[in-house]
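# Notes for the structure review
Single-letter residue listing:
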Amino acid sequence: VPELKESNCDVLIIGAGPAGMMMAAWMARMGINARIVDKRSTKIFSGQADGLQCRSLEIFDSFGFADRAWKEANHMIEMCMWNPGEDGVLRRSDRVPDVPEGLSRFTQIVLHQGRIERFFLDHIKKHSKDTLRVERAVLPESLEIDEGKCDDHSADNYPIKVQLRHLTDEEAAPAQANGQTVSDGLFRSNLVDDDTDDLIQKGRENKGGAEIVRARYMVGCDGAHSWTRRQLGFQLEGEPTDFIWGVLDIVPITDFPDIRNRCAVHSASSGSLMVIPREEKLVRLYIQLTEIKPDASGRADRSKITPETIIKAAQKIIAPYSLTYEYCDWFTAYQIGQRVGTNFDHKTRVFLTGDAVHTHSPKAGQGMNVSMQDSFNLGWKLGLVVKGIAQPSILKTYQSERRRIAQDLIDFDHKFSRLFSGRPAKDVMDEEGVSMEAFKQAFVNGNMFASGLSVDYGTSMLVAKPGSSTDQGDGTDVSSTHHQKVVGRQELATNIKLGMRFPSFKVLNQSDARPWHFQEKLRSDGRFRIVVFAGNVVNPQQQSRLKVFCQHLTSSGFLAPHLHKHIALLTCHAAKRTEVELLRDFPDVLHPFDSKLGWDYDSVYVDDVSYHEGYGDAYKNYGVDKESGCVVVTRPDQYVGYVDSLDEEGFVGVEGYFKGVLA
Ligand code: FAD
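Residues numbered from 1 in each chain as written. Predicted model: local features only at pLDDT ≥ 70, side-chain atom pairs only at ≥ 80, totals over all residues. Heavy atoms only, no water.

## Thoughts on the pairing of strand 27 (residues 630–634)
- When you tally the buried positions in strand 27, you get 5 out of 5 residues, the bulk of the element.
- Relative to strand 27, strand 22 (residues 528–535) is paired through 5 bridges, and the arrangement is antiparallel. Residue pairing for strand 27: Arg529 is matched across the bridge by Thr634.
- Bridge analysis of strand 27 against strand 28 (residues 640–644) gives 4 bridges, and the strand direction is antiparallel. Residue pairing across strands places Val632 opposite Val643, the latter belonging to strand 28.
- Counting the residues between successive antiparallel strands, the hairpin from strand 27 to strand 28 contains 5 residues, one of them, Gln638, with a positive phi of roughly 75 degrees. (Buried < 20%, exposed > 50% of the residue type's maximum accessible area, 1.4 Å probe, protein only. Helix = DSSP H or I, 4+ residues; strand = E, 2+ residues; numbered from the N terminus. Pairing = 2+ DSSP bridges.)

Dropping the structure here:
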């Protein structure tokens, strides 16, 4: 047997769906030696996930490609609820905003997963200078972990050994449903068996090429049937239900008045339907298939699910309105079930993200978002550990932070999908039916969660909140091993919550008066940030507090070497813009000088009235005192790690925070 080719890489990513793409994006931006493989020969071109939350757009913006999604997508502004009136005839009972006002500078939008994957691919290509490419038709066939070597995180230690199998494009293409001309997503649906083992078998029989990769870390982003999860012996816990739903992407021909609004339609006795208006005149319909039931094995018969059977079910629900189509873009079906993974990592060496650790119904539009956000949480941590910048123990916070979110997601989806799949109550005495008022309340309450903005990470070495960092519910200790615990002073910035994402209000650039959303300045470049709320800098006393804080920063033996490289500085003051000069009133470290590029004009901002876009009133909205200000530390993913005062004591706190995190 010829020797297999062997190579090393720092991070090996399995799967190039949204979770894998997000992981690869971090690797590209942070210059990590990574590989990403996917068993399929092509990316997705139609269908699948389509809802993008406000938070996902904020994240895309931090990478610099939110504008592409924003332009192409359909924007979701209003949600309408339809159900039978007292006469049993379908009527619109309510309209509510799709996203509550003032939550974010973005609203929810819809655009299919294939486009999102395209934006990521372009981004990864640009930032890796085309060195990180998705290797398609390649999948792992064996995994060995040298358990004894897992605790040693030094750069030349590769405890993971994976054998990869290369397939031909033909082998890697998924089978479509018999005789269908429209592309379908049934091959990825939970109604069919996964084909991973067959693919490995085929690859072996046909003697497709194999190779060995030794990796320091591995991330399984390989979806709901995750091969990586199976190798680790981890389970998904939870139950499937008997509710089966079809999904159709069509250009509808209809007299239903709200076809261009998001709608929840509950019929009296034919099931429910959700309308999601999409880009390019497409509309996605999620349709309950009440006539298709799971068999004794718990599975529904896939051959009965065709665009024709799905549209027939939709026509019954939406009657007396008519609904047909000439063009169908994609269809699929799935059985609702909510499950969450028992473990999200093995010895902080092999991680699972996305559908590999949580599955649920797609109607609330969460899956792609939460999956990308898992990797958004993990990617920078891996990047910093691989480069030796941060303590390896930060990797433990991936599970402690994201498992709780997955559990919240499952609980939310459980509640929402049962209310959605239930028959509407005929009256208050009808206990088996779902009260439409309860449905509306669940929608409105769930909106905050569904926007992705309610994420609130618990106490750990990365989030200096009061309370214990050892109490993670799963026994994980995520406190720092090296230093005494510091606790942030939340009262100094009452609306910049420790553990939550840094909120955004408009501020002006001190040098050119251009308005910016302040969050736009927290780019995803792998750096922490010290955000200096400099307060009223024309007051001499406040000037000297600012100077003292900055002197400590630049003379700190621990922090100074990290400044600008791993810790960026961003300033917002609250004096009048016209009474202040960048070079005169701010210490150099806040707008550093470069011998080739001159002064940095992009780091000092002011809370003042703009010429054309009104007043953001940032200090008030952030809950920061306009005279004395404060300092806030944000993590590379924009979540708030620490808050303290702008003085010597505050400096000691900030330094203490970083001593607990950096290597
Ligand atoms: P996936 O997208 O499943 O990606 C996994 C990748 O890994 C795939 O490319 C696969 O080919 C590859 N892979 C799998 N096994 C292996 C292996 N052994 N080796 C190598 N590669 C492998 N979510 C939303 O947010 N909003 C929605 O509106 C929405 N609608 C949906 C509609 C439908 C019909 C479906 C089916 C899902 C929907 N979802 C929605 C869910 C969303 O598609 C998933 O949550 C999301 O794609 C998960 O991303 P992921 O990267 O974790 O997994």
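## What to know about the environment of Arg165
- Relative to the elements of secondary structure, Arg165 occurs in strand 10 (residues 160–166).
- Judged by its relative accessible area of 10%, Arg165 falls in the buried class.
- Sequence spacing of Arg165 and Arg136 is 29 residues, and the spatial spacing of their C-alpha atoms is 11 Å.
- The residues touching Arg165, leaving out its near neighbours within four places in the chain, are Ala137, Val138, Leu139, Glu141, Gly203, Arg204, Lys207, Gly208, Gly209 and Ala210.
- A polar side-chain atom of Arg165 sits 3.0 Å from a polar atom in the side chain of Glu141. (Contact = heavy atoms within 4.5 Å. Polar contact = N/O pair within 3.5 Å; in protein donor to acceptor, adjacent residues only side chain to side chain.)

## Quick look at the packing of aromatic side chains
- Under the counting rule described, the total for this entry stands at 29 aromatic pairs.
- Ring geometry for Phe60 and Phe65: centres 4.9 Å apart, planes at 40 degrees, overall tilted. For the pair Phe60 and Phe65, a shared accessibility class is recorded, and that class is buried.
- For the ring pair Tyr657 and Phe658, a centre distance of 5.3 Å and an interplane angle of 85 degrees mean the geometry is edge-to-face.
- Judged by its relative accessible area of 0%, Phe658 falls in the buried class.
- Among the aromatic residues, those joined into a cluster by ring pairs are Trp26, Phe60, Phe63, Phe65, Phe119, Phe120 and Phe376.
- Cation over ring: Arg514 sits above Trp516, and NZ or CZ is 4.1 Å from the ring centre.
- Directly above the ring of Trp516 sits Lys521, whose terminal nitrogen or CZ lies 3.4 Å from the centroid. (Phe/Tyr/Trp six-rings, centres within 6.5 Å; stacked < 30°, edge-to-face > 60°. Lys NZ or Arg CZ within 6 Å of the ring centre and 35° of its normal.)

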